[in-house]
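Listed below, chain by chain, are the residues.
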Amino acid sequence: MLLKLYDKNNDPQDLQQIVDTLNDGGIIIYPTDTMYAIGCHGLKERAIERICRIKGIDPRKNNLSIVCYDLSSISEYAKVDNNTFKLMKHCFPGPFTFILNGTTRLPKIFRNRKEVGIRMPDNNITREITRLLDAPIMTTTLPHSENEDLEYLTDPELIEEKFNDMVDIVIDGGIGGIEPSTVIKCTGEFPEIIRQGKGILEL
């Protein structure tokens, strides 16, 4: 189903329907500050496995990422030193993914890689959902083939047409972007940009 949401003043029942779907192990497609993403409750392993199958991801070989509501909740799921915390405070909310060492609060599926990507998009719809859910959202970009029309990544109505059978709710938050987040690996001595995307890091 396609559900229209706005930057603010959304119907609480619409938001609650999304939260209930996530709590029940459902899958949603939602807007971020970069591209539309596919996500589920970040602590529900079966829902995460479903997304991995849809995306064709092997969680033993690919890092998985979560969306957190605020900086204080990040430390529950990832190990954050002082320098990384300062860097994240400077970048979040924004179009960045930080790769950090995960904690045991994350489901077993994350522990294969021992690392987790952390997102905090500058998008009011996503932030409101994570606030109400009071848990992280496991997140990844939509599956896409090279010769496919980009509108199937950016137009919520076309996204719903394509993925309707695979997900429970597609959130229409307007036309999405096509540039991914900038990925910064912070598991070594110094931060390392491993993918330059929309976010510009000023070190």
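What you are looking at is a predicted structure, and each value in this text was computed from that prediction instead of being measured.

(A) Representation of the pairing of strand β2 (residues 27-30) within the structure. Burial along β2 is two-sided: Ile27 and Ile29 facing one way and Ile28 and Tyr30 facing the other are all buried. In this structure, β2 lies alongside strand β3 (residues 37-41), joined through 4 bridges in antiparallel fashion. Along β3, the bridge assignment pairs Ile29 with Ile38. Counted along the chain from β2 to the antiparallel partner β3, the turn is 6 residues long. Here β2 pairs with strand β8 (residues 169-172) via 2 bridges, running parallel. Following the sheet pairing, Ile29 is matched in β8 by Val170.

(B) A look at the sheet that holds β8. Taken in spatial order, the 10 strands make up an open sheet running β1-β8-β2-β3-β7-β4-β6-β5-β9-β10, and their pairing is mixed. Edge positions in the sheet fall to β1 (2-4) and β10 (192-195), since each of these pairs with one other strand and no more. Ignoring which end each strand starts from, the neighbouring axes of this sheet average 30° apart. Examined bridge by bridge, strand β5 (residues 94-101) and strand β6 (residues 115-120) share 6 bridges and lie antiparallel to one another. Within the sheet, the bridge partner assigned to Asn101 lies in β6 and is Glu115.

(C) Inspection of the packing of aromatic side chains at higher detail. In this structure the tally under the stated criterion is 2 aromatic pairs. Each ring, one from Phe92 and one from Phe98, has its centre 5.2 Å from the other, and the planes form 75°; the classification is edge-to-face. Across the pair, Phe98 and Phe92 agree in class, each one buried. For the ring pair Phe96 and Phe98, a centre distance of 6.5 Å and an interplane angle of 40° mean the geometry is tilted. Across the pair, exposure class does not vary: Phe96 and Phe98 are buried alike. Every member of this aromatic cluster is reached through a ring pair, and the members are Phe92, Phe96 and Phe98.

(D) Fine view of helix α2 (residues 45-55). Those residues of α2 not exposed but buried are Ala47, Ile48, Ile51 and Cys52. Buried residues in α2, looked at end-on, bunch into an arc of 145°, giving them a common side. Looking at α2, the residues exposed on the side facing more than 90 degrees away from the buried face are Arg46 and Arg53. Tucked inside the fold, the buried residues of α2 contact β2, β3, β4 (64-67), α5 (108-111) and β7 (137-141). Downstream of α2 by a residue or two, Gly56 has a phi angle that is positive, lying close to 75°.

(E) Focus on the pairing of β7. Along β7, 4 of the 5 residues are buried, which leaves the element largely enclosed by surrounding structure. Of the pairings in the sheet, the one linking β3 to β7 comprises 5 bridges and is antiparallel in character. Counterpart to Gly39 in the pairing with β7 is Thr139. Examined bridge by bridge, β4 and β7 share 3 bridges and lie antiparallel to one another. Across the sheet, Ser65 pairs through a bridge with Thr139, a residue of β7.

(F) Structural context of the side chain of Asn123. Along the chain, Asn123 falls in the loop between β6 and α6 (124-133). A distance of 3.0 Å separates a polar atom in the side chain of Asn123 from the backbone nitrogen of Ile125. Looking at Asn123, its side chain comes within polar contact range of the main-chain nitrogen of Thr126, at 3.0 Å. For Asn123, the residues in contact, after removing those within four places along its chain, are Pro31, Thr32 and Asp33.

(G) Here's a closer look at the layout of surface pockets. Taken as a whole, the largest pocket spans an internal volume of roughly 540 Å³. Around the largest pocket, the lining comprises 26 residues; the ones closest to its centre are Ser65, Thr139, Thr140, Thr141 and Arg195. No other element matches the 4 residues that β7 contributes to the lining of the largest pocket. The residue makeup of the lining of the largest pocket, split by class, is 13 nonpolar, 10 polar and 3 charged. Taken as a whole, the second largest pocket holds about 170 Å³ of empty space. Taken together, Val67, Cys68, Tyr69, Asp70, Ser73, Glu76, Tyr77, Thr130, Arg131, Asp134, Ala135 and Pro136 form the lining of the second largest pocket. For the lining of the second largest pocket, the secondary structure elements donating two or more residues are α3 (71-77) and α6. If one sorts the elements of the lining of the second largest pocket by residue count, α3 sits on top with 3 residues. Looking at the lining of the second largest pocket, its residues break down into 6 nonpolar, 2 polar and 4 charged.

Conventions used here
Throughout, residues of each chain are indexed from 1 in the direction in which the sequence is written. It should be noted that, the model being predicted, local features are given only for residues of pLDDT at least 70 and side-chain atom pairs only at 80 or more, the latter also being counted only at that level, while totals for whole chains, interfaces and linings use all residues. Working from all heavy atoms in the structure, the side-chain values ignore hydrogens and water. Exposed residues in this analysis have more than 50% of their type's maximum accessible area, buried residues have under 20%, and partly exposed residues fall in between, with area computed by a 1.4 Å probe over protein chains only. Here a helix means four or more residues in a row that DSSP labels H or I, a strand means two or more in a row labelled E, and each is numbered from the N terminus. Any two strands are treated as partners once DSSP identifies two or more bridges connecting them. Angles here are taken between N-to-C directions and fall from 0 to 180 degrees, while the axes themselves are lines fitted to C-alpha atoms, restricted in helices to the stretch in contact. Two aromatic rings from Phe, Tyr or Trp, using only the six-membered ring of Trp, form a pair when their centres are within 6.5 Å; if the ring planes differ by under 30 degrees the pair is stacked, by over 60 it is edge-to-face, and anything between is tilted. Here, the arc refers to the directions that run from the helix axis to the C-beta atoms. Whether two residues touch is decided by their heavy atoms; if any such pair falls within 4.5 Å, the residues are in contact. We define a polar contact as two N or O atoms separated by no more than 3.5 Å, with the added condition that, inside protein, one atom must be a possible hydrogen donor and the other a possible acceptor, whereas residues neighbouring each other in sequence contribute only through side-chain atom pairs. Within this scheme a cavity is a closed region of a 1 Å grid, computed over the protein atoms alone, that accommodates a 1.4 Å probe without allowing it to escape, whereas a pocket is open but has protein on both sides within 12 Å along at least five of seven lines; lining residues each have an atom within 4 Å of a point. Grid points are joined across faces, edges and corners, and a volume is the space filled by probe spheres set on the points. Residue polarity follows a fixed list, in which Ala, Val, Leu, Ile, Met, Phe, Trp, Tyr, Cys and Pro are nonpolar, Asp, Glu, Lys and Arg are charged, and the others, Gly among them, are polar.

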